[in-house]
Structure formats: structure tokens, C-alpha cells
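The chain contents come next:
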Amino acid sequence: MSGPVFDAASLRERAGRIAHGDGDYAHGDHILNPDIVAMLNGNDLREAAVLIPVVARSEGAGLLLTRRPETMRKHSGQIAFPGGAIDPEDLSPEAAAMREAEEEIGLRPDLIETIGRLPPYLTTTGFRITPVLALVKPDYALTINPEEVDAAFEVPFAFVMDPENHKRESRVWQGKERYYYAITYQEYYIWGVTAGILRVLYERLHLA
């Protein structure tokens, strides 16, 4: 990307040039872990969608993220995008992502402008996630659902789009070393699928 320009107009323009398609499986946990391709292909993946909410602030865009409660059975304490499984009544991934954002943090749909999709992101936990890029009006007010979210916060979008802040790390999972991206901002440790999707967004915007 030619310089850290992340205002609403430039993001809208670049997002319009991001290529995506249902058959594009170029992204997911398998990129850093090629041996799990067979595992992913052999599973019936559940459809999901997440919202990438970029807050259109004049002084510099922010990225709105959530932290899962420590009491959750899965992904406890992790930093995440608003999102979840696509329900049968959802008309599109965009509809599902906005519904989940409203249910989790009270982000109203009228404050959201969806501007593009990233390719589906496959996870070892059995999901095929459609990331939906969106602009959010900066005067939003949130009502957090404590059963699903412990906190919501913004990080500078320029920070998470800086490849110098993308670290490759690893940990042992099911007896094998697995690799993933991680981004640390102040006390927030963003890793796994969330950081992986941000890496894909950086790569797509960089090429747009």
C-alpha cells in the first residue's frame, strides 16, 4: 500500500477492487500449516461470517474489536471480530455479520456500511468464514451482551495494517506445532483467526 492512508474514501475505493469469490480457498489456517489441508477438505465446514468494522474517524480510522469472556467454553478471552454462524434466515453473509454485531455489542445496522468481502477463511475448528469489510460511523454507542463479549475497544487501523506488527508464532496443538499470526497492541494480544484475517486484509488492500 502506498502510504498509511486509511480514510473512508480510500478504503471504499480499495475495497471495491478486492477480488473475492466462493471458490477462492487461498486463505485460512492451512496457509501456515499445509499439512492440515486434507483435514479441512474432509470436513463439512459450517458457514459463518464476521464483520471487520472500520470506524471512519477523521483523525485516523479505528478497528472495532471484541474480547470474549473468560467463562466461554470455546475461545475464552480471545480477541475477535463480531460474528458467528450464518443462520438459515440470514439473506447473506453481510446480513449475518451485521445481525451478530447487533446481538453481541449493540452496533446498529444503520451505522454500518458494508464495502466488500474477503475470500472465505477456513479454520481448523470447522468453519468457513466470510469476512465482511465495513465502515462504521464514529458516533456509535454500544450495548454489550455479557454472555458473548467481555469488552469492545478500538485499535488504530493503521497499526494492524502495518506488516511490521504481524508476527508469526507457534504453539503445540493436538501434538503438532501449529503456526499463526499475532498482533500485539498495548495490552491486547490479537492472534489466530482474527490476526489471520487481518493479514489477508492487509495483503488484499496492499494489492488493490
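### Some thoughts on the overall build of the protein
Part 1 of the argument: Counting its regular elements, the protein contains 5 helices and 12 strands.
Part 2 of the argument: Among the 208 residues that make up the protein, the fraction classed as buried is 48%.
Part 3 of the argument: Summarising the internal contacts of the protein: among those between residues at least 6 apart in sequence, 66% fall at separations of at least 24.
Part 4 of the argument: Within the structure as shown, the protein displays about 10,200 Å² of accessible surface, and the carbon and sulfur contribution to it stands at 51%.

### Some words on the confidence of the model for the protein
Part 1 of the argument: Per-chain confidence: the protein averages 86 in pLDDT, with 81% of residues scoring 70 or above.
Part 2 of the argument: Model confidence for the protein, summarised as mean pLDDT per element, is weakest for helix α2 (residues 37-41) at 56 and strongest for helix α3 (residues 93-105) at 98.

### Here's the deal with the pairing of strand β3 (residues 62-67)
Part 1 of the argument: Among the 6 residues that make up β3, 5 are buried, leaving the element largely enclosed by the rest of the structure.
Part 2 of the argument: Turn length for the strand β2 (residues 46-55)-β3 hairpin, with the two strands adjacent in sequence and antiparallel, is 6 residues, and the turn residue Gly60 shows positive phi of about 140°.
Part 3 of the argument: Relative to strand β4 (residues 79-80), β3 is paired through 2 bridges, and the arrangement is antiparallel. Within β4, the position partnered with Thr66 by the bridge is Ala80.

### Notes on the side chain of Arg199
Part 1 of the argument: Here Arg199 is to be found in helix α5 (residues 192-207).
Part 2 of the argument: Once residues lying within four places of it in the same chain are set aside, the contact partners of Arg199 are Pro163, His166 and Tyr181.

### What about helix α1 (residues 8-15)?
Part 1 of the argument: Here α1 has its buried residues at Ser10, Leu11, Arg14 and Ala15. Buried residues of α1, seen end-on, are gathered within an arc of 130° and therefore sit on one face of the element. In α1, the exposed positions angled more than 90 degrees off the buried face are occupied by Ala9 and Glu13.

### Things to note about the nonpolar core
Part 1 of the argument: Counting residues in hydrophobic clusters, the biggest one holds 36 residues, and the most contacted among them are Leu63, Phe157, Val160 and Met161.
Part 2 of the argument: Per element, the largest residue contribution to this core is 7 residues, and it comes from α5.
Part 3 of the argument: Once you skip the residues sitting within four places of it in the chain, Val160 turns out to touch Leu63, Val155, His166, Ile183, Ile190 and Leu198.
Part 4 of the argument: By size, the runner-up hydrophobic cluster in this structure holds 16 residues, among which are Leu64, Ala101, Ile112 and Val136.

### Points about the pattern of salt bridges
Part 1 of the argument: What the rule picks out here adds up to 12 salt bridges.
Part 2 of the argument: Arg57 serves as the salt-bridge partner of Glu154, at 2.7 Å between the closest nitrogen and oxygen. Of this pair, Glu154 sits in strand β9 (residues 151-156) while Arg57 is found in the loop between β2 and β3, placing the two residues 97 residues apart along the sequence.
Part 3 of the argument: Close ionic contact of Arg67 with Asp150 constitutes a salt bridge, the shortest N to O distance being 2.5 Å.

### Comments concerning α3
Part 1 of the argument: Taking 1.5 Å per residue as the helical rise, α3 with its 13 residues ought to reach 18 Å, and the 18 Å between its terminal C-alpha atoms agrees with that figure.
Part 2 of the argument: Against the buried residues of α3 lie β2, β3, β5 (83-85), β6 (112-117), β8 (127-136) and β9.
Part 3 of the argument: Downstream of α3 by one or two residues, Gly106 has phi in the positive range, about 70°.

### A look at the pairing of strand β11 (residues 176-185)
Part 1 of the argument: The pairing of β11 with strand β12 (residues 188-191) spans 4 bridges and is antiparallel. Across the sheet, the residue bridging to Tyr185 is Tyr188, located in β12.

### Some points on the environment of Pro156
Part 1 of the argument: With respect to the helices, strands and loops of the structure, Pro156 is situated in strand β9.
Part 2 of the argument: The exposure class of Pro156 is partly exposed, given its relative accessible area of 32%.
Part 3 of the argument: Measuring from C-alpha to C-alpha, the distance between Pro156 and Leu63 comes to 6.1 Å, with 93 residues separating the pair along the chain.
Part 4 of the argument: Beyond its immediate sequence surroundings of up to four residues, Pro156 is in contact with Ala61 and Tyr185.

Definitions and limits used
- Residues numbered from 1 in each chain as written.
- Predicted model: local features only at pLDDT ≥ 70, side-chain atom pairs only at ≥ 80, totals over all residues.
- Heavy atoms only, no water.
- Helix = DSSP H or I, 4+ residues; strand = E, 2+ residues; numbered from the N terminus.
- Buried < 20%, exposed > 50% of the residue type's maximum accessible area, 1.4 Å probe, protein only.
- Contact = heavy atoms within 4.5 Å.
- Areas by Shrake-Rupley, 256 points an atom, 1.4 Å probe, with all protein chains shown as cover.
- pLDDT = per-residue confidence, 0-100.
- Pairing = 2+ DSSP bridges.
- Arc of directions from axis to C-beta.
- Core = buried A, V, L, I, M, F, W, Y, C linked by side-chain atoms within 4.5 Å.
- Salt bridge = Lys/Arg side-chain N within 4 Å of Asp/Glu carboxyl O.
- Expected span 1.5 Å × (residues − 1).

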